[in-house]
Amino acid sequence: MPLEPLYESKIVCICCETTYLTARVRPSFKKATRMDSDFCGYYTKGVNPDFYVVRVCPSCGYASTENGLERLSDKQKLDYYDRIGSNWKGLDYGGERSAEQAMATYKLALLTAQVTGAPDRIISGLLHHIAWLYRYEGNEKEERRFLTYALEAYVRVYQLEGISLNNARLMFLIGELNRRIGERHEAVKWFSRVVSDKRIMDAAMIRACREQWQLVREEMEQGPSLAGGTEETASTA
């Protein structure tokens, strides 16, 4: 009998301490058939793992990912209940999710992160995932809007954490999101930083930056009509 793609995972809410079940995707179903150059994956086995990244407490509505905050202070809990928890309608996102439900969980997680003062490294990932969900829908306007928000958050992460870490993947993403929203000169600046910094040893990211740098040059030669949304496959990453 074949395995079902979803299984249940037990979560203890860090806000109200309720124990609840949420659906997760088995690792064997997580392999993307292709991937865009900003790591947005596409799946053909009938289930998208990105739809199940956010866990939502059915009791209080607190939404987060496994990379979210590990605990909340009393003030953070009060802030959460004041803005979100007091209005929660007891929805249950624990089972199979549609694209619309996945979007709702991400936007709830984003609002939760903002209200509780989560760091930009958490917020940037949520914004980027929301942009991917709009990409799946073919909604280019909203995708671009959230890519711009994600880019701004990634830059803040770099300014706070990345300079000392020489985080090539983060620098690549900043360059790539600049390319996708049409800021080609900014994109080149970030790609060239990775390529020219001798302290960076991440060969895959150096190669990806070289390839995207070349792609930006080709886009510039073709004129301003090409926006920064050209898709690349997983080979660039």
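Our subject in this report is the structure included herewith.

Attention shifts here to the overall build of the chain. A count of helices and strands for the chain gives 7 helices and 6 strands. Computed over C-alpha atoms, the radius of gyration of the chain comes to 19 Å, within 12% of the 18 Å expected from 2.2 N^0.38 for 237 residues, which places it in the range of a compact globule. Once the C-alpha set of the chain is aligned to its principal axes, its extents read approximately 55 × 50 × 35 Å. Counting across all 237 residues of the chain, residues that qualify as buried make up 49%. The long-range share in the chain, meaning contacts at least 24 apart out of those at least 6 apart in sequence, stands at 61%. Accessible area for the chain stands at about 12,500 Å²; split by element, carbon and sulfur atoms hold 51% of it. Each charge sign in the chain was given a centre, from 32 positive and 32 negative side chains, and these centres are 3 Å apart.

Next up on the list: the layout of surface pockets. A volume near 910 Å³ is recorded for the largest pocket. Residue lining of the largest pocket: 42 residues in total, with Thr65, Asn67, Arg121, Gly125 and His129 positioned closest to the centre. The element that contributes the greatest number of residues to the lining of the largest pocket is helix α3 (residues 120–137), accounting for 8 residues.

Attention now moves to the state of the cysteines. Under the criterion given, the structure shown has 0 disulfides. The closest cysteine sulfur to the non-disulfide-bonded Cys60 is located on Cys13, 3.7 Å from its own sulfur.

Right, let's talk about the side chain of Asp36 for a bit. Position of Asp36 among the secondary structure elements: in the loop between β3 (34–35) and β4 (41–42). Only 2.8 Å separates the side chain of Asp36 from the side chain of Arg135, close enough to count as a polar contact.

How each quantity is defined
- Residues numbered from 1 in each chain as written.
- Predicted model: local features only at pLDDT ≥ 70, side-chain atom pairs only at ≥ 80, totals over all residues.
- Heavy atoms only, no water.
- Helix = DSSP H or I, 4+ residues; strand = E, 2+ residues; numbered from the N terminus.
- Rg over C-alpha atoms; globule rule 2.2 N^0.38 Å.
- Buried < 20%, exposed > 50% of the residue type's maximum accessible area, 1.4 Å probe, protein only.
- Contact = heavy atoms within 4.5 Å.
- Areas by Shrake-Rupley, 256 points an atom, 1.4 Å probe, with all protein chains shown as cover.
- Lys, Arg positive; Asp, Glu negative; His and termini not counted.
- Charge placed at Lys NZ, Arg CZ, Asp CG, Glu CD.
- 1 Å grid on protein atoms, 1.4 Å probe; cavity = no way out; pocket = protein on both sides within 12 Å on 5 of 7 lines; lining within 4 Å.
- Points joined across faces, edges and corners; volume = space filled by probe spheres on them.
- Disulfide = S-S within 2.5 Å.
- Polar contact = N/O pair within 3.5 Å; in protein donor to acceptor, adjacent residues only side chain to side chain.

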